[in-house]
Number of protein chains: 2
Amino acid sequence: MENSVKRELPDELMNKLDYKPFETVDFGNPEIQRVAPKVRATTGKNKLVDSLEKAVTDNVKDGMTISFHHHFREGDYVFNMVMRIIIDHGYKDLTLAPSSLTNTMNDITIEAIEKGVVTNITSSGMRGTLGDAVSHGALENPVIFRSHGGRARAIEEGNIKIDVAFLGVPNSDEMGNANGMDGETAFGSLGYALMDAKYADKVVLITDNIVDYPNTPASIEQTQVDYVVKVDKVGDPDKIGSGATRFTKDPKELKIAQTVNNVIVHSPYFKDGFSFQTGSGGAALAVTRFLRQSMIDNGITASFALGGITKPTIDLLEEGLVKKVMDVQDFDKGAAQSMKSNRDQQEISATWYADPANKGAMVDKLDVVILSALEIDTDYNVNVMSGSDGVIRGAVGGHQDAATAKLTIISVPLVRGRIATVVPEVTTNVTPGDSVDVLVTEVGIAINPKRQDLIDALQDMPGVPVYTIEELQQMAEAKVGKPEPLEYTDRTVAMVEYRDGTIIDTIKEIKD
Amino acid sequence: MENSVKRELPDELMNKLDYKPFETVDFGNPEIQRVAPKVRATTGKNKLVDSLEKAVTDNVKDGMTISFHHHFREGDYVFNMVMRIIIDHGYKDLTLAPSSLTNTMNDITIEAIEKGVVTNITSSGMRGTLGDAVSHGALENPVIFRSHGGRARAIEEGNIKIDVAFLGVPNSDEMGNANGMDGETAFGSLGYALMDAKYADKVVLITDNIVDYPNTPASIEQTQVDYVVKVDKVGDPDKIGSGATRFTKDPKELKIAQTVNNVIVHSPYFKDGFSFQTGSGGAALAVTRFLRQSMIDNGITASFALGGITKPTIDLLEEGLVKKVMDVQDFDKGAAQSMKSNRDQQEISATWYADPANKGAMVDKLDVVILSALEIDTDYNVNVMSGSDGVIRGAVGGHQDAATAKLTIISVPLVRGRIATVVPEVTTNVTPGDSVDVLVTEVGIAINPKRQDLIDALQDMPGVPVYTIEELQQMAEAKVGKPEPLEYTDRTVAMVEYRDGTIIDTIKEIKD
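I will try to describe carefully the structure that is included in this document. Only a predicted model underlies this, so the values are computations on that prediction, with no experimental measurement involved. Per-chain numbering applies: the sequence of each chain, read as written, is numbered from 1 onward. As a convention, the first chain written is A and the first ligand written is 1, with the rest following in written order. In keeping with the predicted nature of the model, local features appear solely for residues at pLDDT of at least 70, side-chain atom pairs appear and are counted solely at 80 or more, and the whole-chain, interface and lining totals rest on all residues. As a rule here, side-chain values come from all non-hydrogen atoms in the structure, and water together with hydrogens is ignored.

## Overview of the pattern of salt bridges
Link 1 in the chain: In what follows, salt bridge is the name for a side-chain nitrogen of Lys or Arg lying within 4 Å of a carboxyl oxygen of Asp or Glu. Summed over the entire model, instances satisfying the criterion amount to 48 salt bridges over all chains.
Link 2 in the chain: We note a salt bridge from Arg151(B) to Asp196(B), for which the minimum N-O separation is 2.7 Å. Remark: Asp196(B) occurs in helix 7 (residues 193-199) and Arg151(B) occurs in helix 6 (residues 148-157); sequence separation between them is 45 residues. Summarising the burial analysis for this pair, Arg151(B) and Asp196(B) share the class buried.
Link 3 in the chain: One salt bridge in this structure joins Glu319(B) and Arg292(B), with 2.6 Å as the shortest N-O distance. Of this pair, Glu319(B) sits in helix 10 (residues 311-319) while Arg292(B) is found in helix 9 (residues 282-298), placing the two residues 27 residues apart along the sequence.
Link 4 in the chain: Type-normalised accessible area, obtained with a 1.4 Å probe on protein chains alone, sets the label of each residue: buried when under 20%, exposed when over 50%, and partly exposed for intermediate values. Since its relative accessible area comes to 29%, Arg292(B) is described here as partly exposed.
Link 5 in the chain: Through salt bridges that share partners, Arg84(A), Asp88(A), Glu111(A) and Lys115(A) make up one connected network. A helix here means a DSSP run of H or I that spans at least four residues, while a strand means a run of E at least two residues long, and both kinds are numbered starting from the N terminus.

Next up, the structure:
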């Protein structure tokens, strides 16, 4: 079967997994029966255990779904601690359902796959050796990639049923009241983990910092927690800011950032009370700096900044340029550490952030979003999942979710090294072109033809040439040439859900 | 059938309603499948409606269960506004499932009962004309009385399935982000209403104060809310503190309060880091003042104060004598207004407060609680529901829940007017004697014989004579004589659930 973005989908797998092909970015207003966990009443029980091993072996059984959050990002210690025990105990056929997988989780995940411990994975993304292994067919069943909002939806609808959640926290009392914002290993918002805490049958908190009862604020509440495990160290907060969240000094990226800012300022959305999400891509981060100056110059303040949050966004909050920071995760130590003292840096869960299947997510109210891309094609479809070599090396993240904003800007260099970014057809379609409005590159911009209002508003910006996206694609191709077509086997190694749970694309096994 | 506190229960009704008789205060550790609401995705919909009528008629259907909170207590306007529309539209067979019913709700509830609009009620309690009407058989089906923790459990287990919740709030943005702590009609904690917001299929917020989006902190989140209705005024915060929450100047009550304080101070629980709940009864409130002085004199601070919160408790927080106030509702304007500025005045939901069926409620950690009573009998069973005339005039409240504390003190005068408080057998058994430890009256105390440790600790307090509870009952009887036995019909007008959902007692129709 083919979906509405012309991706051929494997019939057998689609039927077996009961999937529908992607049709539209419009979620509509369906009625959805939520699910709920099975809860063991724990009155009078001591939740505090010294042995992580006991917390694992008392709860995990073959075939179960276990989950983790990735708020520590590259500084995470918890995933490796738990998976070590799980592998050593010889569990089989587990489904891994973390909010995402970072590089620090790769080696042990590959080991778990090779030993048959993990046979299913759902994640926002994967990179490095794990992405490579999966792309070469290492995992028994296809990975299901979901956006942050899509994961929240899938948990709420019961498509992801978490049996045991292992959640690292920088503080907890003996009953499991915990937050992400206090303690030496604070990472700020617990946004993604709040879904696991609420919906998993069993919740195991892992912390290096037992505090007095009752611990407040309690982003995770004792009513949700079965065990609290004390370990030496849960993570390295200095590594929250590594990975995909570096600041740019690249002149080309700065040029792009400046143009992005121009697009925002000249758009109809740049007015008092507007809202924005800048994300964590290299150039996208720099936009915040330019935007700050434009807001000051024009006497404009924003009602909220959304998403994964960086210190520069917190600076805007503290300057009064942004009234609220709606924070689902923190991308650096600065943003992580400011949450406890900034009352207007509001922690939000993944469902509040981006779930299409609730009574309204923050992204529905978002004016402007700047998103990165590995590739964007001439239909404005965006790939943030696989390289031009077909290998998995990215994450859906909040990409599909935030792209529903009124003004969605994709900011990319025309080419990266010898690889075109603007292409005739994306290797993997993650975010449909229907939800993308403007492409910004270092040579100029392209505006989605369906947005005549933006064409009118943006066509005469000084120093910012407007091209068709086909022209930008041709320029890229002129620089780096046409790549050889990729060769895949017939085997599907990953399915990419759109945020509504339909399949927008699949990823095939690399032939090499 | 008879339950373990020797109450004869009506077999037919017990079977029809699928109830089990009360057996034990020990909830154990059962596994419970939670339920979840059916949610209508509202992406892009405008939730803000000017017409409360439309919010009612678009959502309410005959036979549905509708709910309200009672955080405005005697200052509530919302209940009357909504019920007026419901009655005028001629709805039939509704179940009313508020967190409680205050006197200001009586007239219209009686009207709704008389017109067949309301045929079922579940509530924490009822008083005045409504209690009288129900006691005389006005309602078609028996009222189900539940504690605050029991209501939370019943909602989570699906025994109360709320179709539409009408929740008054002192602020909300256009998407339904709301809290109870800000605005002219602030009442503080939204504790009970948080259950309705989370579990009702449809949630209608009613407010007099639409604020900028996004509104934070959001005790109720936009992800939970279907409609936001703007009205002139949702309540009168000056009347939060009326009803059952007056301060005492009665020398007898002050004597009792002083004795309660003596009991606490001489108990093994009065040590650094202890916790307490003082409740809202007349004498109980005064305990806070004596306790304050004892804490200062002994250099002792409390880890937390729990429950319905009054300004004197907030004063302890601000003085540093109490580290955290865990606040499920506010009993006066002072406590209501301080929540927004006191980070350590933590709003807690009814399930976190008192639900026996979750992974641990605050009451499980409670050291000392002072509770009031209409009657206490020689088995230490407590009645807070019906008068000695058999008429309903009270509420379970958190009584059953908090009575699970390590030291449960019932503070009452021996007699009230010509009516004995200490009696051979309570008119209605609400809180089983197994969970009650000490009775404090103005003439002396009685200690539950099963608590030999307390007898040892408290028997030699200067100026506080220790009696058997039979002796106190005899003294009461000597003062006011033996009452005539009550006459009832065979009809059951109310069932009183214990917090675990078993039936601890029933209330019969008054014969007169």
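## Regarding the sheet that holds strand 11 (residues 227-230) of chain A
Hydrogen bonds between backbone atoms are what pair the strands of a sheet, whose relative direction is either parallel or antiparallel.
All names here are of chain A.
Link 1 in the chain: Here, strands pair whenever DSSP counts at least two bridges between them. Taken together, the ten strands give an open sheet; going across it, the order is 3-11-10-9-4-5-6-8-27-28, and neighbouring strands pair in mixed fashion. The open sheet is flanked by strand 3 (48-49) and strand 28 (503-510), the only strands paired with a single partner.
Link 2 in the chain: In this structure, strand 10 (residues 202-207) lies alongside strand 11, joined through four bridges in parallel fashion. Within strand 11, the position partnered with valine 204 by the bridge is tyrosine 227.
Link 3 in the chain: Packing against the sheet, helix 5 (residues 128-135) makes contact with strand 8 (143-145), strand 27 (488-497) and strand 28, and its axis sits at approximately 85° to strand 28. The contact criterion used is simple: two residues touch if any of their non-hydrogen atoms lie within 4.5 Å. Comment: axis = line fitted to C-alpha atoms, over the contacting stretch for helices; angle = value between 0 and 180 degrees taken between N-to-C directions.

## Digging into helix 15 (residues 469-480) of chain A
Residue and element names in this part refer to chain A.
Link 1 in the chain: To estimate the expected span of a helix, subtract one from its residue number and multiply by 1.5 Å. Its twelve residues give helix 15 an end-to-end C-alpha distance of 17 Å, which sits within 8% of 16 Å, the value for a rise of 1.5 Å per residue.
Link 2 in the chain: Taken together, the buried positions of helix 15 are Ile469, Leu472, Gln473, Ala476 and Val480. Buried residues of helix 15, viewed axially, fall in a sector of 100°; they line one side.
Link 3 in the chain: Trailing helix 15 by a residue or two, glycine 481 shows a phi angle of about 80°, which is positive. Note: the arc covers the axis-to-C-beta directions of the helix.

## With respect to the sheet that holds strand 23 (residues 422-423) of chain B
Residue and element names in this part refer to chain B.
Link 1 in the chain: Strand order in this open sheet of three strands is 18-17-23, and the pairing throughout is mixed. Single-partner strands in this sheet number two, and they are strand 18 (382-383) and strand 23.
Link 2 in the chain: Sheet topology places strand 17 (residues 375-377) next to strand 18; two bridges connect them, and they run antiparallel. Within the sheet, the bridge partner assigned to isoleucine 376 lies in strand 18 and is valine 382.

## Looking at unusual backbone geometry
Residues apart from glycine generally show negative phi values, whereas peptide bonds are mostly found in trans.
Link 1 in the chain: Omega for the peptide link from Tyr213(A) to Pro214(A) comes to -5°, which places this bond in the cis form.
Link 2 in the chain: Note on placement: Pro214(A) falls in the loop between strand 10 and strand 11.
Link 3 in the chain: Notably, Arg73(B) is not glycine yet its phi reads approximately 50°, a positive angle.
Link 4 in the chain: Its relative accessible area of 10% is what places Arg73(B) among the buried residues.

## A word on the relation of the copies chain A and chain B
Put simply, the second copy of the chain is the first one after a rotation about an axis and a shift along it.
Link 1 in the chain: The superposition of copies rests on a least-squares fit of C-alpha positions from residues with pLDDT of 70 or more in both. For the pair chain A and chain B, the best superposition has an RMSD of 0.0 Å and corresponds to a rotation of 180° with a translation of 0.0 Å parallel to the axis. Taken together, these values place the two copies in the relation of a two-fold axis. If distances are taken from each C-alpha of chain A to the rotation axis, the shortest is found for Ala36(A), at 2.8 Å.
Link 2 in the chain: Mapped onto chain B, 100% of the interface residues of chain A again fall at the interface, so both copies present the same surface.

## Let's talk about the packing of helix 4 (residues 106-114) of chain B against helix 5 (residues 128-135) of chain B
Residues and elements named next belong to chain B.
Link 1 in the chain: Running from amino to carboxyl end, helix 4 crosses helix 5 at an angle of 30°, the nearest separation of the two axes being 7 Å. Between helix 4 and helix 5, the interaxial angle falls into the category roughly parallel. Considering only the axes of helix 4 and helix 5, their crossing is left-handed. Of the residues in helix 5, those touching helix 4 at Asn106, Asp107, Thr109, Ile110 and Ile113 are Gly128, Thr129, Leu130 and Ala133. Oblique is the label for any angle not under 35 degrees, not over 145, and not in the 65 to 115 range, which are roughly parallel, roughly antiparallel and roughly perpendicular in turn. The handedness criterion is simple: a crossing whose near helix is rotated anticlockwise from the far helix by less than a right angle is left-handed, and one whose near helix is rotated clockwise is right-handed.

## Description of the pairing of strand 13 (residues 302-309) of chain B
All names here are of chain B.
Link 1 in the chain: Counting buried residues in strand 13 gives eight out of eight residues, a clear majority hidden from the surface.
Link 2 in the chain: As judged from the three bridges shared by strand 12 (residues 274-277) and strand 13, these two strands associate in the parallel manner. Within strand 13, the residue paired with serine 275 across the bridge is phenylalanine 304.
Link 3 in the chain: Where strand 13 lies against strand 14 (residues 322-330), seven bridges are found, and the strand directions are parallel. Bridge pairing in strand 14 places alanine 305 opposite valine 325.
Link 4 in the chain: With the strands aimed away from the viewer, a crossover counts as right-handed if its path from the first strand over the helix to the second runs clockwise. Viewed along the sheet, the connection from strand 13 through helix 10 into strand 14 turns out right-handed.

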